[in-house]
Amino acid sequence: MVDQTGAYAYNSWWQFRADSWSRLEEATGRIVTALRRTKPVDNSMTDAVHAQCAALAPLEQFWAFPGHAAFGVVQELAAAGAWERLGRLVARINRALVTESYRIGSFDDIAQGEHRDDSEDLIVSTSHHDPFSRPYFEVLVVETMSPKQEQRLREEVHTWRRPGDRFIYDLVVVGSGVEAAVAMRLNANIQACVIRRRFAHAALRDLSSLADFADAALADDLADHSPEERAEILAPRLAQIRPEVDLYLMTDIAVEDVAGKVSHHFRRVFHAREGALELHLTILAGVAARYRTPFFEALRAYSQRPTGVFHALPISQGKSIVNSHWIRDMVGFYGLDIFLAETSATTGGLDSLLEPTGPLRDAQQLAAEAFGSRQTYFVTNGTSTANKIVAQALLAPGDIVLVDRNCHQSHHYGLMLAGAEVCYLDAYPLNEYSMYGAVPLSEIKSKLLAMRTAGKLDRVKLLMLTNCTFDGIVYDVGRVMEECLAIKPDLVFLWDEAWFAFARFHHVYRARTAMEAARALAEKLRSSEYRAQYEASLPRDDSTAALINNRLSPDPARARVRAYSTQSTHKTLTSLRQGSMIHVYDQDFALRVAEGFREAYMAHTSTSPNYQILVSLDLGRRQAALEGFELVQRQLEYAMKLRDAIDHHPLLSKYMHCLSTAEMIPERYRASGIAQPLRTGLSNMVTAWEQDEFVLDPSRVTVYIGLTGIDGATFKHKRLMDRFGIQINKTSRNTVLFMTNIGTTRSSVAYLIEVLVSIARDIDLHTSEMNLAERAVFERSVTHLTNPTAPLPHFSGFHPAFLIESDPPTPEGDVRKAFFLSYDHTLCEYLLADEVEEKMEAGESVVSATFVTPYPPGFPVLVPGQVFSDEILSFMRSLDTPEIHGYQPGIGYRVYTSKALEIVAERPSS
Ligand SMILES: Cc1ncc(COP(=O)(O)O)c(C=O)c1O
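Because the structure is a prediction, the values reported are computed rather than measured.

Novice: So, unusual backbone geometry: which residues are in play, and what are the values?
Specialist: Of note, the amide linkage connecting Asn467 to Cys468 takes the cis form, showing an omega dihedral of 0 degrees. When you line up the elements, Cys468 lands in the loop between strand S11 (460-466) and strand S12 (473-475). Omega for the bond connecting Asp807 with Pro808 falls within 30 degrees of zero, at -5 degrees, which places this linkage in the cis form. Backbone geometry at Asp224 places phi at a positive 60 degrees, although glycine is not the residue there. Turning to its location among the elements, Asp224 is positioned in the loop between helix H8 (218-222) and helix H9 (227-241).

Here is the structure:
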């Protein structure tokens, strides 16, 4: 959607709105200056003012500040050509918006001041200034009201304010269900919503400019229903957009009956006449519940108590530092508070991570509510440990696991420790960029069905996938679980969401998170409509071909929803390094997992967990629950601005471009056919995210740099880091990945663009001055980087010595046996690539004794027990990455001797 001034709102309108107010100030300022200098004011100048007013008109009703009244005055002054007064008013409003001082001031004064025309000093009137600087939010009221009624309600709410209130709020009033949904999407300040008795189904105003944010079907769904039915329809629709927002119902008919019928959608139901003050207090209490950070509060209180330290933590309360002659600068740098908070106490108001019963248990419970899980566990050693905990909790030796071979190394090590039999899945390759996509559903189903044919399906326990991948490929989590459960109704899923903790806080992303997909699936399986539909579809064709080719539905009587998600909170939300969470939505958790989970958690968790990490998880959750929506919207908007700036820049676009969804996800996985979902409008993003097998997380921007002639690693280290101090952590041969996050600012995006332009300018200058020989070298580099090298190798298979026998054979291997055999160094030798090749040519199998992981791209090309293939050798030869874990240049690959393979073939499986 393009506005008159060329600004483009991909995902949110706050940026557009902020820009429009600034432009309005500028446009009015220009007129005022001209008038003061007695210069002529031409039509183009006044048109600019009117254009900005028109751009803001459909938006302003959705924010409490400056509010209807003040914006009405702005429009009146603009229409009347009262430029001086308009200039003053707009400047004050804009300043209050930019500095966010409206959060601690009063808005009504701004408009009233203008009417009185004595308003110069009423920007933030001290009589209304909130001296407590309390956090501010807005409450959405859904009711058809006249401006007078609305004003009265506002004034009434103001009279309820007390100095002891912990928060301060103001009202946004909309008259229809459709506008309520728009307000929820647009206004991140909204933390609570009160649905009152009378509201229209459709908007009375023209919302066509906000079509992306309006729920087209909602007006029809609400029409022809009684007020109570409308509230019942509207509430879940609003909860779908912002599940964290507290919903209240205010009714003036039999409140007891209504409460019985619809209360599950609402935090509370109130009677209109009696409930106003109670509602006010409940609204504050609702926000306070999310604001609560039990472990932070406990640790802060503890740190303020004088205690004698006679346990093994000399740094506690800074004791070993403050009296030191040599490390006192540590206190200078960090401040004393962090040391006052260093403790390992588990009593005295604190709690034990290994057996939480107090504030840590409460903090984890609040995290479960915020992230939509049934149980949440804090982990202080990153998702690397979280993954090992879940694998060990769910698996016993001999259980079969299906796992993306391209997963994080923690899964490989976790499966080895758990003694699982591993069946690797191949993701689709993106050979042009030397990176993998994600694992197609057809690959997962065919491996599951192979297990069924071999009579091993009962031993298949777990499917592990990365959602989203490092490069931003996101699964259709719900569909994967549905179709797999149709084949194996008790299959458990571990979704590695190391990069995806933020996704819950955006309404489009949320549906593709493990916890939300699990909740939605459980609800679907419970519904009578689904059961009837399932019964009607029976009998189904159970042949392997039909099961692979058809969309499958699980049997609601047998399927169990059992999903786990591991998230590096520290990667995408606020947390100190290593702060991660395990979220559980497992219908069989209490019965089948709880005990094993406790043991696994103990096995991998330090008995001295870092309390600062735990506190940061508690605070990170508070932030996500109260402002995650705003921060993620902002992040996405900046990511799209970054994409635009790169792709539309005449010099940058000569050498680089941002890879689009269509370039990273082959057409066969995109049923919607939309090549650039968010870029072509939020509604296209919604469609693609509903329909496509894979989608691309737009917050991760992979930039193709093949035409610069500089490879990814050099670009990262020598250009971005050494010269400009810009850190990134993923490159491929010809791409660099720029990740935006909730801390990304407009200025940091601008700086990155500046840096990229500077790099491109250097290249441009350099190429323009090249002699023939230099040009030939440059062109060779470009050709090398822009032409595919050896294709990414698929998993070649385990050597038969490590395979689990079956008829017909299946591909899973005993990774523990393959790993530990290498501890006997007499069974291993080192071979150079040529020697490996010679052996293979002589018909011998060469088997890796270790993981071999080139970085980039960062996936293991070989795992212990895996046979070398021609494909692997040529891929390794084509690599120009200096860092290959598990491979020593000059010595070669660590492989098993043929004697080792003979010995192991005779030993029973581990
Ligand atoms: C997919 C994936 N899972 C897990 C991890 C490990 O997470 P952490 O750094 O929190 O230990 C990473 C780290 O990059 C990862 O990319």
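On we go from here.
Novice: Hey, could you go over the sheet that holds strand S2 (residues 168-174) for me, with residue numbers and the actual values?
Specialist: Strand order in this open sheet of five strands is S2-S1-S3-S4-S5, and the pairing throughout is parallel. Unpaired on one side and paired on the other, S2 and strand S5 (268-271) mark the two borders of the sheet. Each neighbouring strand pair of the sheet contributes to a mean axis angle of 25 degrees, computed without reference to strand direction. Of the strand pairs in this sheet, strand S1 (residues 136-142) and strand S3 (residues 190-195) are connected by five bridges, and their pairing is parallel. Looking at the pairing, Val141 lines up with Val194 of S3. The sheet contacts of helix H7 (residues 177-186) involve S1, S2, S3 and strand S4 (246-251), and relative to S1 the element is tilted by about 165 degrees.

Novice: Before we move on, could you go through a nonpolar patch on the surface and cite the residues and values that matter?
Specialist: Taken together, the side chains of Phe333, Tyr334 and Ile338 make up a nonpolar region of the molecular surface, amounting to roughly 350 Å² of accessible area. Residue placement: Tyr334 occurs in helix H14 (residues 329-334).

Novice: With reference to specific residues and values, describe the packing of aromatic side chains.
Specialist: Going through the model one piece at a time under the given rule, you end up with 46 aromatic pairs. Note on Tyr377 and Tyr601: the rings are 6.1 Å apart at their centroids and 50 degrees apart in plane angle, and the pair reads as tilted. Highlighted residues: Tyr377 in strand S6 (residues 375-379) and Tyr601 in helix H26 (residues 589-604), separated in sequence by 224 residues. Seen from their ring centres, Tyr475 and Trp495 are 5.7 Å apart, and the 65 degrees between their planes marks the pair as edge-to-face. Placement of the pair is Tyr475 in strand S12 and Trp495 in strand S13 (residues 492-496), with a sequence separation of 20 residues. With respect to class, Tyr475 is no different from Trp495; both count as buried. Members of the aromatic cluster, each reached through a chain of ring pairs, are Tyr428, Tyr475, Phe493, Trp495, Tyr669 and Phe694. One cation-aromatic arrangement involves Lys730 over Phe470; the distance from NZ or CZ to the ring centre is 6.0 Å.

Novice: An account of the sheet that holds strand S8 (residues 421-425) is needed here, citing residue identities and associated values.
Specialist: Across the sheet, which stays open at both edges, the eight strands sit in the order S6-S15-S14-S13-S11-S7-S8-S21 with mixed pairing between neighbours. Edge positions in the open sheet fall to S6 and strand S21 (813-814), since each of these has one partner strand only. Relative to strand S15 (residues 580-586), strand S14 (residues 562-567) runs antiparallel, the two being bridged by six bridges. When the bridges of S15 are listed, Ser565 appears paired with His583.

Novice: Quick one: what's the story with the pairing of S2, residue by residue and with numbers?
Specialist: Summarising burial for S2: seven of the seven residues are buried, a large majority. Bridge analysis of S1 against S2 gives seven bridges, and the strand direction is parallel. If you follow Val139 over to S2, its bridge partner there is Leu171. Note on the crossover from S1 through helix H6 (residues 147-160) to S2: the handedness is right-handed.

Novice: Describe the environment of Leu720, naming the residues involved and giving the relevant values.
Specialist: By secondary structure assignment, the location of Leu720 is in helix H31 (residues 712-724). With 711 residues separating them along the chain, Leu720 and Ala9 place their C-alpha atoms 29 Å apart. For Leu720, the residues in contact, after removing those within four places along its chain, are Phe715, Gly725, Ile726, Ile728, Phe738, Val755, Leu756 and Ile759.

Novice: Talk me through the site of the ligand; I want residue IDs and the actual numbers.
Specialist: Taken together, the neighbourhood of the ligand is formed by 13 residues, with Thr383, Ser384, Asp496, Ser568 and His570 sitting nearest. In this structure, His570 approaches the ligand through a side-chain N or O atom, which is 2.7 Å from an oxygen atom. Alone, the ligand offers 390 Å² of accessible surface; in the complex the protein occludes 85% of this. For the shell around the ligand, the secondary structure elements donating two or more residues are helix H17 (382-394) and helix H25 (569-572).

Cut-offs applied
- Residues numbered from 1 in each chain as written.
- Predicted model: local features only at pLDDT ≥ 70, side-chain atom pairs only at ≥ 80, totals over all residues.
- Heavy atoms only, no water.
- Helix = DSSP H or I, 4+ residues; strand = E, 2+ residues; numbered from the N terminus.
- Pairing = 2+ DSSP bridges.
- Axes fitted to C-alpha atoms, helices over the stretch in contact; angles between N-to-C directions.
- Contact = heavy atoms within 4.5 Å.
- Patch = residues over 30% accessible without salt bridge, like charges linked within 9 Å, V, L, I, M, F, W, Y side chains within 5 Å.
- Areas by Shrake-Rupley, 256 points an atom, 1.4 Å probe, with all protein chains shown as cover.
- Salt bridge = Lys/Arg side-chain N within 4 Å of Asp/Glu carboxyl O.
- Phe/Tyr/Trp six-rings, centres within 6.5 Å; stacked < 30°, edge-to-face > 60°.
- Buried < 20%, exposed > 50% of the residue type's maximum accessible area, 1.4 Å probe, protein only.
- Lys NZ or Arg CZ within 6 Å of the ring centre and 35° of its normal.
- Right-handed = clockwise from strand over helix to strand, strands pointing away.
- Near = heavy atom within 4 Å.
- Polar contact = N/O pair within 3.5 Å; in protein donor to acceptor, adjacent residues only side chain to side chain.

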